[in-house]
Amino acid sequence: MTNVAASQHRNKVAAIIRLSRWREHVPFTIPLTVIGGLLALEPDAAAADWRLFAVLAANILAMSFAFMLNNIEDAPDDALDSQKKQQNVISSGLVSRREGMVLSAATFFASLGLYAAGGARALVIGGATLALCYLYSAHPFRFKARPITDVVTHALMLSGLLLAAGYFTYGSAPREVWLVIASASLFSAYGQFYNQVVDYEVDKEAGLKNTAVLLGKVPTSILGHLSIVGALICIVVAIMQALFPVWLGTILIIGVITTIIFPWEFDMRGNLAQEGGNMQRPGLIIANLLALVWLASNMGMITIL
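Residues numbered from 1 in each chain as written. Predicted model: local features only at pLDDT ≥ 70, side-chain atom pairs only at ≥ 80, totals over all residues. Heavy atoms only, no water.

**Considerations on the pattern of salt bridges**
Point 1. Tallying each qualifying case throughout the model produces 7 salt bridges.
Point 2. Put simply, Lys-144 and Asp-74 hold a salt bridge, and the shortest N to O gap is 2.9 Å. Of this pair, Lys-144 sits in the loop between helix H6 (120-137) and helix H7 (149-168) while Asp-74 is found in helix H3 (residues 50-78), placing the two residues 70 residues apart along the sequence.
Point 3. Since its relative accessible area comes to 22%, Lys-144 is described here as partly exposed. (Salt bridge = Lys/Arg side-chain N within 4 Å of Asp/Glu carboxyl O. Helix = DSSP H or I, 4+ residues; strand = E, 2+ residues; numbered from the N terminus. Buried < 20%, exposed > 50% of the residue type's maximum accessible area, 1.4 Å probe, protein only.)

Below is the structure:
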C-alpha cells in the first residue's frame, strides 16, 4: 500500500468514526446503562457480569446508529451551511450516502444482537430504542421536526430507555426504580428544551415546526426549568427510598461542591452556556464518576469502607 493510499484509508476510517459522533453520546450512555444494571443488582448484593457490558455496547451502538442516521438525513440541509457541512461527513463528501446507509444498518443489527445477549427484556427495550432512533430522524416520520413528539422521543431514546435496558438485563420489577428512569428522562427533556431555546431564531427562520417554535421561546424555557425541577424531585425521592449505596452520597457532594467552586463556561455542544447550560458537562462527569466507582465496588475491584 502506497503512502497516498494509506493516508486515504486512514482518512476514511477517521471519517467513519466521526460519523458515529461517539463523543456526543458515550459520556451519557455509560452512566445511564451502568446505573440501570446496578440498581437491579443492588437489592440482592449480586455482581455484574458480561451481560451488562453487552448491553452497554448495544446502547452505545444504538446511539451511534441514531447519530449516523441523523447525519445522513440532515446532509442535504447541512450542505447549505458552511459550518455544518464541515461537521457532517456525509455533507462534506468524506463518506457517501450509500456508505453511510450500509454502516448505519450494520450498526443497527450489531446493536440488536448485543441486546439479545442481555436477555429477552433487554431485547424488547433495545428494540424500542432502535425504533425510536429511526423514527426520530428518518423521512417521512422525522419525529425531531414534530412538536411535542420531538421532546418525548428525545427523552426516551437518549436517556430513559438506556437506563431501562441496563435495569431489565437483570431485573423485572422496577417499582421505585421508575423514579430514576423518570428523572433521567426529564433531564434529557431539559436538554432538548435547552437546545431548542438556543436555536430558536435559526429554527424559526428555517421553517422548522418543533416544540419551541410551536410554544414560543419563553414557554419552552419555562418547561425546561420545570423538567429540571421534576427530575430533581424524582431523584431525591429515589435516594430516600434507599435505592443507592449510602457512600455514593460522599462522591456526589464532593462533585457538586467542586462544580460550584469551578464553574464551566460552555454547554454540551461547545457553545457559551445559557440558562444553566454550564452544569451539563460537570453533571456528566459526576454521573460517570458515580457509575464507575459503584461498578468497581460491585465487582470487587475496590473496597468501600
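Okay, back to it.
**Some details on the environment of Ile-90**
Point 1. Within the secondary structure, Ile-90 sits in the loop between helix H4 (82-87) and helix H5 (97-117).
Point 2. Note on Ile-90: relative accessible area 10%, which makes it buried.
Point 3. When the C-alpha positions of Ile-90 and Leu-19 are compared, they lie 7.9 Å apart, and in sequence the two are 71 residues distant.

**A closer look at the environment of Phe-53**
Point 1. Along the polypeptide, Phe-53 turns up in helix H3.
Point 2. We classify Phe-53 as partly exposed; its relative accessible area is 38%.
Point 3. Linking Phe-53 and Gly-166, residues 113 residues apart in sequence, is a C-alpha distance of 9.2 Å.
Point 4. Once residues lying within four places of it in the same chain are set aside, the contact partners of Phe-53 are Leu-295 and Met-299. (Contact = heavy atoms within 4.5 Å.)

**Observations concerning a nonpolar patch on the surface**
Point 1. Together, Ile-148, Val-152, Leu-156, Leu-214, Leu-215, Val-218, Ile-222, Leu-223 and Leu-226 give the surface a local cluster of nonpolar side chains, amounting to about 780 Å² of exposed area.
Point 2. For the nonpolar patch, the elements supplying multiple residues, two or more each, are H7, helix H10 (211-215) and helix H11 (217-240).
Point 3. Broken down by element, the residue count for the nonpolar patch peaks at 4 residues, all from H11.
Point 4. When you line up the elements, Val-218 lands in helix H11. (Patch = residues over 30% accessible without salt bridge, like charges linked within 9 Å, V, L, I, M, F, W, Y side chains within 5 Å. Areas by Shrake-Rupley, 256 points an atom, 1.4 Å probe, with all protein chains shown as cover.)

**Some thoughts on the packing of helix H8 (residues 177-198) against H11**
Point 1. Contact geometry for H8 and H11: axes closest at 8 Å, N-to-C directions at 160 degrees. Compared by their axis directions, H8 and H11 come out roughly antiparallel. For H8 against H11, the interelement crossing comes out left-handed.
Point 2. Its residues placed into classes, the contact of H8 with H11 shows 17 nonpolar, 6 polar and 1 charged. (Axes fitted to C-alpha atoms, helices over the stretch in contact; angles between N-to-C directions. Parallel < 35°, antiparallel > 145°, perpendicular 65-115°, else oblique. Left-handed = near helix turned anticlockwise from the far one by under 90°. Nonpolar A, V, L, I, M, F, W, Y, C, P; charged D, E, K, R; others polar.)

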